[in-house]
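So the chains spell out like this:
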Amino acid sequence: MNQDAHEMPGGTGDGPRIARTKPFYAELEKGKRYLWCACGRSQDQPYCDGSHRGTGFAPVAYVAREDGEEVLFCGCKRTAGPPFCDGAHNNLRETYDEDDPRSAENAAIPVVAADGGGKARLDGGCFVFTLPRGKLLARGALKYCPVIGRADGALHQSQFYLEAGPGESPVLGFGASHVILFVAQGSGEGHDERECEVSISGRRFAAAPLSGLHVRPGEAFQLLNSSATTLKVFAAVCPQADGPTWHDAMPDNFDADYPDRAVPMDPGARRSMADRFFQMLVDKRIGSDVAAQFIGEIPVSKAAPHRHLYEESLVVIRGAGFMWTPTGKAPVKAGDVIFLPRKQIHSLECTGPGGMMLMGVIYPGDNPSINY
Ligand code: FES
């Protein structure tokens, strides 16, 4: 039963009602037909109870594809992809749903310190990782370390940190997985962007700072650095792999069906989500249809606790704050990596006056604004 259905603020009474400003999580039965309420008037949300009669709205049917299929039915009735949530509820208010970090309940949540491996472990496998300076593995001009993997409880993605000094790194790949690269540091501003490049199966792309690059399944890549700076890259691997495969030579198998592989940060391409901003980098527009990468900015705030149906890795680019789960919180700062398992309730707080900039990779999924 829904007790909070109400008219859209300022609405005429003719539009769909907001049943709830969050989606409804449901686990479905294979072959069963579900009728999603589009009008928002049903007392049996998110399903139709016939209350739409005379309103001009009609329910939307969905037949479950498998037993236990997990879905998020739209609650605000403003999705562009009915019957499922597309994140539209985030834009119904001027500010993102927030929580008071100084509330009595939150004040009782302790700070969790990092273990000897640099990981502060929170609830359900969530952790904050500080890169271990001086503990990187070395191979030729490349230094690297695993960041997120199966040993941490990750089920879907893994992540590696790569650092290339001057010269050419060894050629590496991750088998049949998609690899989504993020350039945390490349050629400095005012320098020739070709000073730092990534070769993907023989095709060269600029490794501009804060850009994303997509290596398709089966391809290999190499970091090329002719600058005076160190090229620093995070590699998210989807589905996860335990480690890179090293190649003696660059394979000649660039998938020319997908020629666009590099997406630079572009403030003009930012989308707003309440008082937050994000820009999609690698996503389905360039052929990454199972995983997506974004870069975003959040203001000083603590998000209301929420969950996602995808696994997520976040790299803090600028700013500081805390990652919260129900029984612990860990400090985060620029350079740290956060791992979020599917369905883990969490909340990120930004405490620095300049806000926080983050890069995230979600997998499996394509829309980072869907939360519940
Ligand atoms: S009751 Fe809302 S669509 Fe039927």
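Within each chain, residue numbers correspond to sequence positions counted from 1 in written order. Selection of residues for local features in this predicted model requires a pLDDT of at least 70, selection of side-chain atom pairs for listing and counting requires 80 or more, and totals for whole chains, interfaces and linings are taken over all residues. Where side-chain values are given, they derive from all heavy atoms of the structure, hydrogens and water being excluded.

K.L.:
Looking at this structure, I do not really get the sheet that holds strand E17 (residues 231-238). What am I missing?
P.N.:
Hydrogen bonds along the backbone pair up the strands of a sheet, which may run parallel or antiparallel. Strands qualify as paired when DSSP identifies two bridges or more between them. Where helices and strands are cited, they refer to DSSP runs of H or I of at least four residues and of E of at least two residues respectively, numbered from the N terminus. In spatial order, the strands read E7-E8-E9-E17-E12-E15-E19; together these seven strands make up an open sheet with antiparallel pairing. A strand with exactly one partner marks an edge of an open sheet, and here the two such strands are strand E7 (137-139) and strand E19 (262-263). Bridge count for strand E12 (residues 178-185) against strand E15 (residues 212-215) is four bridges, and the pairing is antiparallel. Paired with Val179 across the strands is Val215, a residue of E15.

K.L.:
I would appreciate a short explanation of unusual backbone geometry in the present structure.
P.N.:
Only a minority of non-glycine residues have a phi that is not negative, and only a minority of peptide bonds are not trans. Note that the residue after Gln45, namely Pro46, is joined by a cis bond; omega there is 5°. Along the chain, Pro46 falls in the loop between strand E2 (33-36) and strand E3 (60-63). Cis peptide bonds are those with omega within 30 degrees of zero, and the linkage from Tyr363 to Pro364 qualifies with -5°. Relative to the assigned elements, Pro364 resides in the segment after strand E29 (356-363). The backbone of Ser201 sits at a positive phi, close to 45°, despite the residue not being glycine. A relative accessible area of 3% places Ser201 in the buried class. Although it is not a glycine, Leu210 adopts a positive phi angle of roughly 65°. Position of Leu210 relative to the elements: it lies in the loop between strand E14 (203-206) and E15. Here's how the labels work: a residue is buried when its accessible area is under 20% of the maximum for its type, exposed when over 50%, partly exposed in between, all with a 1.4 Å probe on protein chains only. Residue Leu210 is classed as buried on the basis of its relative accessible area, which comes to 16%.

K.L.:
Before we go on, may I ask you to explain the sheet that holds strand E6 (residues 127-129) in this structure?
P.N.:
Strand order across the open sheet formed by eight strands is E5-E6-E27-E24-E29-E22-E21-E20, with antiparallel pairing between neighbours. Looking along the sheet, the strands with just one partner apiece sit at the ends: strand E5 (119-121) and strand E20 (271-273). Shown here is a sheet whose adjacent strand axes are inclined to one another by a mean of 25°, direction ignored. Here four bridges tie strand E24 (residues 311-318) to strand E27 (residues 337-340), and the two strands are oriented antiparallel to one another. Across the sheet, the residue bridging to Glu312 is Leu340, located in E27. Structural elements are reduced to axes, namely lines fitted to C-alpha atoms, with helices fitted over the stretch in contact, and the angle between N-to-C directions of any two is expressed from 0 to 180 degrees.

K.L.:
It is not clear to me how the pairing of E29 should be interpreted in this structure. Could you clarify?
P.N.:
Strand residues, when the strand is regular, have side chains that alternate between the two faces of the sheet. The buried fraction of E29 amounts to eight of the eight residues, a majority that puts the element mostly inside the structure. The two faces of E29 match: Met356, Leu358, Gly360 and Ile362 on one face and Met357, Met359, Val361 and Tyr363 on the other face are all buried. Where strand E22 (residues 292-298) lies against E29, seven bridges are found, and the strand directions are antiparallel. If you follow Gln293 over to E29, its bridge partner there is Val361. Relative to E29, E24 runs antiparallel, the two being bridged by seven bridges. Directly across from Glu312, in E29, lies its bridge partner Ile362.

K.L.:
Sorry if this is basic, but what is going on with the pattern of salt bridges here?
P.N.:
When the charged atoms of two side chains with opposite charge come close together, those side chains can pair. We define a salt bridge as a contact between a side-chain nitrogen of Lys or Arg and a carboxyl oxygen of Asp or Glu at a distance within 4 Å. If you walk through the whole model with that rule in mind, you get 16 salt bridges. The partner of Arg121 in a salt bridge is Asp115, and the shortest N-O contact between them spans 3.2 Å. Judged by relative accessible area, Arg121 falls into the partly exposed class, the value being 41%. Put simply, Glu297 and Arg270 hold a salt bridge, and the shortest N to O gap is 3.0 Å. Residue Glu297 is found in strand E22, and its partner Arg270 is found in the loop between E19 and E20; the two are separated by 27 residues along the sequence. Note on Glu297: relative accessible area 24%, which makes it partly exposed. Among the charged side chains, a salt-bridge network with shared partners connects Asp115, Lys119, Arg121 and Asp152.

K.L.:
Is there a simple way to think about the packing of aromatic side chains in this case?
P.N.:
The geometry of two aromatic rings is summed up by the distance between their centres and the angle between their planes. Stacked, edge-to-face and tilted labels apply to pairs of Phe, Tyr and Trp rings (six-membered ring for Trp) whose centres lie within 6.5 Å, assigned for plane angles under 30 degrees, over 60, and everything in between, in that order. Applying the stated criterion across every chain, the model contains ten aromatic pairs. Seen in terms of ring centroids, Tyr34 and Tyr47 are 6.0 Å apart; in terms of plane orientation they differ by 35°. Their pairing is tilted. A residue pair is termed long-range when its members are at least 10 positions apart, and Tyr34 in strand E2 and Tyr47 in the loop between E2 and E3 qualify at 13 residues. Judged by relative accessible area, Tyr34 falls into the buried class, the value being 8%. Looking at Tyr47, the relative accessible area reads 23%, which means it is partly exposed. Ring geometry for Phe73 versus Phe84: centroids 5.7 Å apart, planes at 20°, classification stacked. Of this pair, Phe73 sits in strand E4 (residues 69-73) while Phe84 sits in the loop between E4 and helix H1 (104-107); the two residues are eleven residues apart in sequence, bridging distant segments of the chain. The residue whose ring lies beneath Lys119 is Phe129, and the NZ or CZ to ring-centre distance is 5.1 Å. Ring-over charges, as used throughout, are those where CZ of Arg or NZ of Lys falls within 6 Å of the ring centre and within 35 degrees of the ring normal.

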